[in-house]
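Now for the letters of each chain:
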Amino acid sequence: GLKELHVSGNGLASNGDVELWGKSIAEALSNNSSLQHVDLSNNALSNSSIVDAVATRSSIEYFDFSDNDLENVSIETQLLLSKRLATMELDLSLNPLYSPPLGKLANH
């Protein structure tokens, strides 16, 4: 199956008329058990269900969601991600996150 997904800087957005992008990506991530490397950086994605899907996929070892429009990550997803940090490289920088505690980390 697909092991790497690189769609950095493709102008993908998950707001307004193109909400379908965010939902489609989240669904694809949820249904793929072989993905190890996911780079969705430098887009305009804001759909937190993408991060939710990654948090539950133990096969993903690298997830770059930097420089998007993500504002909020549920506390449940934050807890799942915190348990995965020893085995997954995660980048959520340059997002306008306001949900604590990740909100503080996003600006560093």
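Rules of the game
Residues numbered from 1 in each chain as written. Predicted model: local features only at pLDDT ≥ 70, side-chain atom pairs only at ≥ 80, totals over all residues. Heavy atoms only, no water. Helix = DSSP H or I, 4+ residues; strand = E, 2+ residues; numbered from the N terminus. Buried < 20%, exposed > 50% of the residue type's maximum accessible area, 1.4 Å probe, protein only. Areas by Shrake-Rupley, 256 points an atom, 1.4 Å probe, with all protein chains shown as cover. Contact = heavy atoms within 4.5 Å. Core = buried A, V, L, I, M, F, W, Y, C linked by side-chain atoms within 4.5 Å. Arc of directions from axis to C-beta.

For the rest of this paragraph, the subject is the overall build of the chain. Counting secondary structure elements, the chain contains four helices and four strands. Ordering the α and β elements of the chain from the N terminus gives β-α-β-α-β-α-β-α. Expressed as a percentage of the 108 residues in the chain, the buried residues total 40%. Summed over its atoms, the accessible surface of the chain is roughly 5,900 Å², and 52% of this surface lies on carbon and sulfur atoms.

Following the sequence through the fold, Leu70 ends up in the loop between β3 (62-64) and α3 (75-84). A residue is classified by how much of its surface remains accessible, and Leu70, at 0% relative accessible area, is buried. Among all residues touching Leu70, those that are not within four sequence positions of it are Leu45, Ser46, Asn47, Ser48, Val51, Phe65, Leu92, Asn95, Pro96 and Leu97.

Within the largest apolar cluster, 22 residues are counted, with the highest numbers of intra-cluster contacts made by Leu29, Leu40, Ile50, Phe63 and Phe65. The set of elements that each furnish at least two residues to this core consists of α1 (19-30) and α2 (49-56). It is α2 that provides the largest number of residues to this core, a total of five residues. Contact partners of Ile50, with chain neighbours within four places excluded, come to Gly22, Ile25, Ala26, Leu29, Leu40, Leu45, Phe63 and Phe65.

An α-helical turn contains 3.6 residues, so any two residues separated by three or four positions project in the same direction. Regarding α3, the residues found buried are Thr77, Gln78, Leu81 and Arg84. With its buried residues spanning 120 degrees around the axis, α3 presents them on a single face. Along α3, the residues that are exposed and aim more than 90 degrees away from the buried face are Glu76 and Lys83.

A word on unusual backbone geometry. A positive phi angle, near 55 degrees, is found at Asn42, a position not held by glycine. Look at Asn42 and you get partly exposed, because its relative accessible area is 42%. Phi is positive for Leu94, close to 60 degrees, though the residue is something other than glycine. Relative to the elements of secondary structure, Leu94 occurs in the loop between β4 (89-91) and α4 (102-105).

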